[in-house]
Amino acid sequence: MSSSSLPPGQQLAAPNKWPLVGERKPLPAPEVWTVEVSGCVVKVASWTLEQLASLPQIERTVDIHCVTRWSKLGARFGGVRLSDLHSRSRPTEEARFVSFIAHSERNHSTSLPLKDVQALDVMLALRFEGALLPEEHGGPVRVVTPGRYFYKSVKWLRKIVLLAEDELGHWERSAGYHNRADPWREERYLAPMLDRREAAKRIAARDFAGCELRSIDANGRDLAGLDARQGILRDANFRRARLEGARFDGANLSNAHFENADLRRAVFRNADVEGADFTGADLRGADFRGASLFGASFFSEGDPQLAARLDATTLIAAAVEQLTPVQQDYIRRCAPLGGRGS
Ligand SMILES: Nc1nc2c(c(=O)[nH]1)N[C@H]1C(S)=C(S)[C@@H](COP(=O)(O)O)O[C@H]1N2
Ligand SMILES: [Mo]
């Protein structure tokens, strides 16, 4: 993207102003500040600030876009590429996500897919406009992730943990910030129709009842006990989410993704789950009575390993007739009593 344009819904901050957002200061600095890389790595390694300064230094002009709608274009950061740290600590084959953790009171954190870290060429900034990075803006060292809202750029970086499965960061988990955060797609909060306050409130209360939340991205979230009755959740992404006991009665979940979600005892009574994907989900005790299941899948024909977990406590009843023969066979094999009731 051109570095002189503004993503949708953003405004320029006053010239030469750099607003302070979130935490104001780190915890008291340790005697020797280090950045440690651990988790799914061949070798846990850490770097002192001096060691970081001895790696190849880069200068990069970055556009800052805060989710609270201000942008600051052309900020010049100096520091090192994260990929230069990885050449020593070497992510293992399982590594798919990177979690960044701050030396701050709440252990502030954020995460990114490893492939995005590589594609965006994430840097660790030590300098701003040629001087040391000011402490309030994350000095001595912060993450700078170009091409994402600035909450993907942790201040006062202490730990980088390579992960096989994602762990949501502080704002993503507690305030419903979008986990991809692409400003050009306006990925601010987990659903396009939510604003910050509404997202935080709904997440805290686990209450999506009657809400218009098309395309919500709740991948990997803990939403056990969620109330989403009558919700409009078309195209929702609930992959890997914890949704034990969730209520989706009467909800519109057409084309929703539930791959590998925990849906034990979830209720889909009279819901529209047409085209929804349940492969890999745990559906023991789930109740689909009265639901519309056309085009839904529970079993991957291409990869039989990818199948929903169903048993005699999964209630599908007559709706099973709406599935393709292959899907029906699979369901009848695991849920022989699934036809009970209607
Ligand atoms: N440690 C830490 N890092 C953080 C935050 C925070 O609260 N704590 N807030 C994030 C958010 S929401 C934004 S917009 C930017 C703000 O950075 P700035 O204060 O340098 O503008 O830092 C990000 N990194
Ligand atoms: Mo932010």
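Residues numbered from 1 in each chain as written. Chains lettered and ligands numbered in written order. Predicted model: local features only at pLDDT ≥ 70, side-chain atom pairs only at ≥ 80, totals over all residues. Heavy atoms only, no water.

1. Observations regarding the pattern of salt bridges
Then, number 1: Counting across every chain of the model gives 30 salt bridges.
Then, number 2: Notably, a salt bridge pairs arginine 148 with aspartate 116, separated by 3.4 Å at the nearest N-O pair. Note that arginine 148 is positioned in the loop between β10 (142-144) and β11 (157-163) and aspartate 116 in helix α3 (residues 114-120), a separation of 32 residues in sequence. For the pair formed by arginine 148 and aspartate 116, the shared burial category is buried.
Then, number 3: Taking the shortest distance from any N to any O, the salt bridge between glutamate 244 and arginine 265 comes out at 3.0 Å. Of this pair, glutamate 244 sits in the loop between α5 (196-205) and α6 (325-334) while arginine 265 is found in the loop between α5 and α6, placing the two residues 21 residues apart along the sequence.
Then, number 4: When its relative accessible area of 19% is taken as the criterion, glutamate 244 is described as buried.
Then, number 5: Salt bridges sharing common partners tie together Arg206, Asp222, Arg242, Glu244, Asp262, Arg264, Arg265, Asp282 and Arg284. (Salt bridge = Lys/Arg side-chain N within 4 Å of Asp/Glu carboxyl O. Helix = DSSP H or I, 4+ residues; strand = E, 2+ residues; numbered from the N terminus. Buried < 20%, exposed > 50% of the residue type's maximum accessible area, 1.4 Å probe, protein only.)

2. With respect to the site of ligand 1
Then, number 1: In the vicinity of ligand 1 there are 20 residues, among which Pro19, Glu23, His137, Arg142 and Lys155 approach most closely.
Then, number 2: Here an oxygen atom of ligand 1 sits 2.8 Å away from a polar atom, N or O, in the main chain of proline 19.
Then, number 3: Interatomic distance of 3.0 Å between a backbone N/O atom of serine 153 and a nitrogen atom of ligand 1.
Then, number 4: Contact with the protein chains removes 100% of the 530 Å² of surface that ligand 1 exposes when unbound. (Near = heavy atom within 4 Å. Polar contact = N/O pair within 3.5 Å; in protein donor to acceptor, adjacent residues only side chain to side chain. Areas by Shrake-Rupley, 256 points an atom, 1.4 Å probe, with all protein chains shown as cover.)

3. Topic: the nonpolar core
Then, number 1: Judged by nonpolar contacts, the single largest core of 75 residues is most densely connected at Phe238 and Phe248.
Then, number 2: Where this core is concerned, the elements lending two or more residues are β4 (58-65), β5 (70-81), β8 (123-128), α5 and α6.
Then, number 3: Split by domain, the residues of this core number at least three in each of domain 1 (3-172) and domain 2 (189-342).
Then, number 4: Ala45, Leu52, Leu55 and Val143 belong to the second-largest nonpolar core, a separate cluster that totals 29 residues. (Core = buried A, V, L, I, M, F, W, Y, C linked by side-chain atoms within 4.5 Å. Domains from an automatic or database assignment.)

4. Focus: the confidence of the model for the protein chain
Then, number 1: Looking at the protein chain as a whole, its pLDDT mean stands at 92, while 97% of the residues score no less than 70.
Then, number 2: Taken as a whole, residues 338-342 scores under 50 in pLDDT and shows 14 contacts with residues more than four places along the chain or in a different chain. (pLDDT = per-residue confidence, 0-100. Contact = heavy atoms within 4.5 Å.)

5. Overview of the packing of aromatic side chains
Then, number 1: Scanning all chains against the criterion turns up 19 aromatic pairs.
Then, number 2: With a centroid separation of 6.2 Å and an interplanar angle of 20°, the aromatic rings of tyrosine 149 and tyrosine 151 are classed as stacked. Residues tyrosine 149 and tyrosine 151 agree in their burial class; the two are buried.
Then, number 3: Ring centres of phenylalanine 268 and phenylalanine 278 lie 5.6 Å apart, and the angle between their planes is 85°; on these two criteria the pair is classed as edge-to-face. Here the residue phenylalanine 268 occupies a position in the loop between α5 and α6, and phenylalanine 278 occupies one in the loop between α5 and α6, the gap between them amounting to ten residues. Each member of the pair, phenylalanine 268 as well as phenylalanine 278, carries the same accessibility label: buried.
Then, number 4: Stacked on the ring of tryptophan 47, the Lys or Arg arginine 88 has its end atom at 4.4 Å from the ring centre.
Then, number 5: Taking NZ or CZ as reference, arginine 196 lies 5.5 Å from the ring centre of tryptophan 171, over its face. (Phe/Tyr/Trp six-rings, centres within 6.5 Å; stacked < 30°, edge-to-face > 60°. Lys NZ or Arg CZ within 6 Å of the ring centre and 35° of its normal.)

6. Concerning the domain arrangement of the protein chain
Then, number 1: Segmentation of the protein chain into domains returns domain 1 (3-172) and domain 2 (189-342).
Then, number 2: Between the C-alpha centres of domain 1 and domain 2 the distance comes to 36 Å.
Then, number 3: Every contact between the two is made by seven residues of domain 1 and, on the other side, five residues of domain 2.
Then, number 4: Of the roughly 480 Å² buried where domain 1 meets domain 2, counting both sides, 43% is carbon and sulfur surface.
Then, number 5: A per-residue breakdown of the area domain 1 buries against domain 2 is headed by Val67, Glu165 and Leu168, which together make up 57% of the total. (Buried area = accessible area lost by both parts, 1.4 Å probe.)

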